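Close look at the chain arrangement
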Amino acid sequence: LRFAALLMGLGFTEESARYYQELDVTGALTVDHTLNYAEVLSEQGKHRDAMGHVESVLGREPLNLRANVLRGALHTAMGEFGKADDDLRKALRVNSESPLAYYRLGLNELAQERVPAATEYLSKAVTLAPDDTKIRFALAKALTAIGGVENRRLALSQYSFIVKDY
């Protein structure tokens, strides 16, 4: 299991998926590893397969925060924005301080070109997870898309934070 997770972390999604699949057949996957497998499948563009694994977790644990957020992300990837919004709001009912849920809500809004709403969610996510450069990058892109001097200045401050982090 650790090897599959290591491969996933290193970006070797094909190899990671193969190991997770073998472990899945044997029934050796925990809830977390099942969600890891779903993330790997999603990265490969196999959103429906990933959704099946997420649904299996939610069938056992309907209030699993990570599974609800991942289902929302998968719905966004499949262009099912309303379903994504429902899942992500459910995740926020589980944990109203989840930076990942706010981040994914922001990305869902960006995918629909609703940039002001995306900026609100991404700003909240940055407040909750100020060291997360992935969230800051998404916020900077949203601020840049809105335009204007002040928003570009705010975007630059996000990019500056990211650069300092490296």
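Residues numbered from 1 in each chain as written. Predicted model: local features only at pLDDT ≥ 70, side-chain atom pairs only at ≥ 80, totals over all residues. Heavy atoms only, no water.

Structural notes on the pattern of salt bridges
A pair can form between side chains of opposite charge whenever their charged atoms are brought close. Applied cut-off: The salt bridge definition used is simple: a Lys or Arg side-chain nitrogen within 4 Å of an Asp or Glu carboxyl oxygen. Where helices and strands are cited, they refer to DSSP runs of H or I of at least four residues and of E of at least two residues respectively, numbered from the N terminus. Per-residue accessibility, obtained with a 1.4 Å probe over protein chains only, is compared with the maximum for each type, and a residue is labelled buried under 20%, exposed over 50%, and partly exposed between these values.
A complete count under the given rule lists eight salt bridges for this structure. When the shortest N-O distance is used, the salt bridge between D32 and R66 registers 3.6 Å. Of this pair, D32 sits in helix α3 (residues 31-43) while R66 sits in helix α5 (residues 65-77); the two residues are 34 residues apart in sequence, bridging distant segments of the chain. Residue E109 pairs with R114 through a salt bridge whose shortest N-O separation is 2.7 Å. The class of R114 is partly exposed, set by a relative accessible area of 41%.

Quick look at the packing of helix α4 (residues 47-60) against α5
Definition in use: The axes are straight lines fitted to the C-alpha atoms, using for helices just the contacting stretch, and the angles between their N-to-C directions are given from 0 to 180°. What sets the label is the angle itself: under 35 degrees gives roughly parallel, over 145 gives roughly antiparallel, 65 to 115 gives roughly perpendicular, and the rest give oblique. Left-handed describes a crossing whose near helix is turned anticlockwise from the far helix through less than a right angle; right-handed describes the clockwise counterpart. The contact criterion used is simple: two residues touch if any of their non-hydrogen atoms lie within 4.5 Å. Polar here means any residue outside two lists: the nonpolar Ala, Val, Leu, Ile, Met, Phe, Trp, Tyr, Cys and Pro, and the charged Asp, Glu, Lys and Arg; Gly therefore counts as polar.
Where α4 meets α5, the axes come as close as 10 Å, and the angle between the chain directions of the two elements is 155 degrees. What the angle tells us is that α4 and α5 run roughly antiparallel. Judged by the twist between their axes, the crossing of α4 over α5 is left-handed. Here H47, A50, M51, V54, E55, V57 and L58 of α4 lie close against α5, whose contacting residues are A67, N68, L70, R71, L74, H75 and A77. Split by residue class, the contact of α4 with α5 holds nine nonpolar, three polar and two charged.

Quick notes on the nonpolar core
A general tendency of soluble globular proteins is for nonpolar side chains to be buried together. To be explicit about the condition: The term nonpolar core refers to a set of buried residues drawn from Ala, Val, Leu, Ile, Met, Phe, Trp, Tyr and Cys, joined through side-chain atoms within 4.5 Å.
Y103, L122 and I135 are the most contacted members of the largest nonpolar core, which has 21 residues in total. Elements with a minimum of two residues in this core: α6 (81-94), α7 (99-111), α8 (115-128) and α9 (133-146). Looking at which element gives the most residues to this core, the answer is α9, with six residues. If near-sequence neighbours (up to four positions away) are discounted, I135 is found in contact with P99, Y103, L122, A125, V126 and A129.

Section: unusual backbone geometry
Of note in this structure, E113 is not a glycine but carries a positive phi near 60 degrees. Considering the arrangement of structural elements, one finds E113 in the loop between α7 and α8.

Quick word on the side chain of R71
The topology assignment puts R71 in helix α5. Taking the relative accessible area as the measure of exposure, R71 reaches 12% and is therefore buried. When neighbours within four sequence positions are excluded, R71 is seen to be in contact with M51, V54, E55, L58, D87 and K90.

Quick look at the packing of aromatic side chains
Which entries qualify depends on this criterion: Note on ring pairs: Phe, Tyr and Trp rings are taken, using the six-membered ring of Trp, and paired if centres are within 6.5 Å. Classes follow the plane angle, with under 30 degrees stacked, over 60 edge-to-face and the rest tilted.
Evaluation of the coordinates by the stated rule reveals three aromatic pairs. Ring plane angle 35 degrees and centroid distance 6.5 Å describe the contact between Y102 and Y121, whose orientation is recorded as tilted. One end of the pair, Y102, is in helix α7; the other, Y121, is in helix α8, and 19 residues separate them in sequence. Both residues of the pair, Y102 and Y121, belong to the buried class.

Describing the packing of α5 against α7
Helix packing for two helices is described by the angle between their axes and how far apart those axes are. Where α5 meets α7, the axes come as close as 10 Å, and the angle between the chain directions of the two elements is 10 degrees. The orientation of α5 with respect to α7, classified from their angle, is roughly parallel. Residues V69, A73 and T76 of α5 pack against L100, A101, R104, L107, N108 and A111 of α7. Along the lines of polarity and charge, the residues of the contact of α5 with α7 split into six nonpolar, two polar and one charged.

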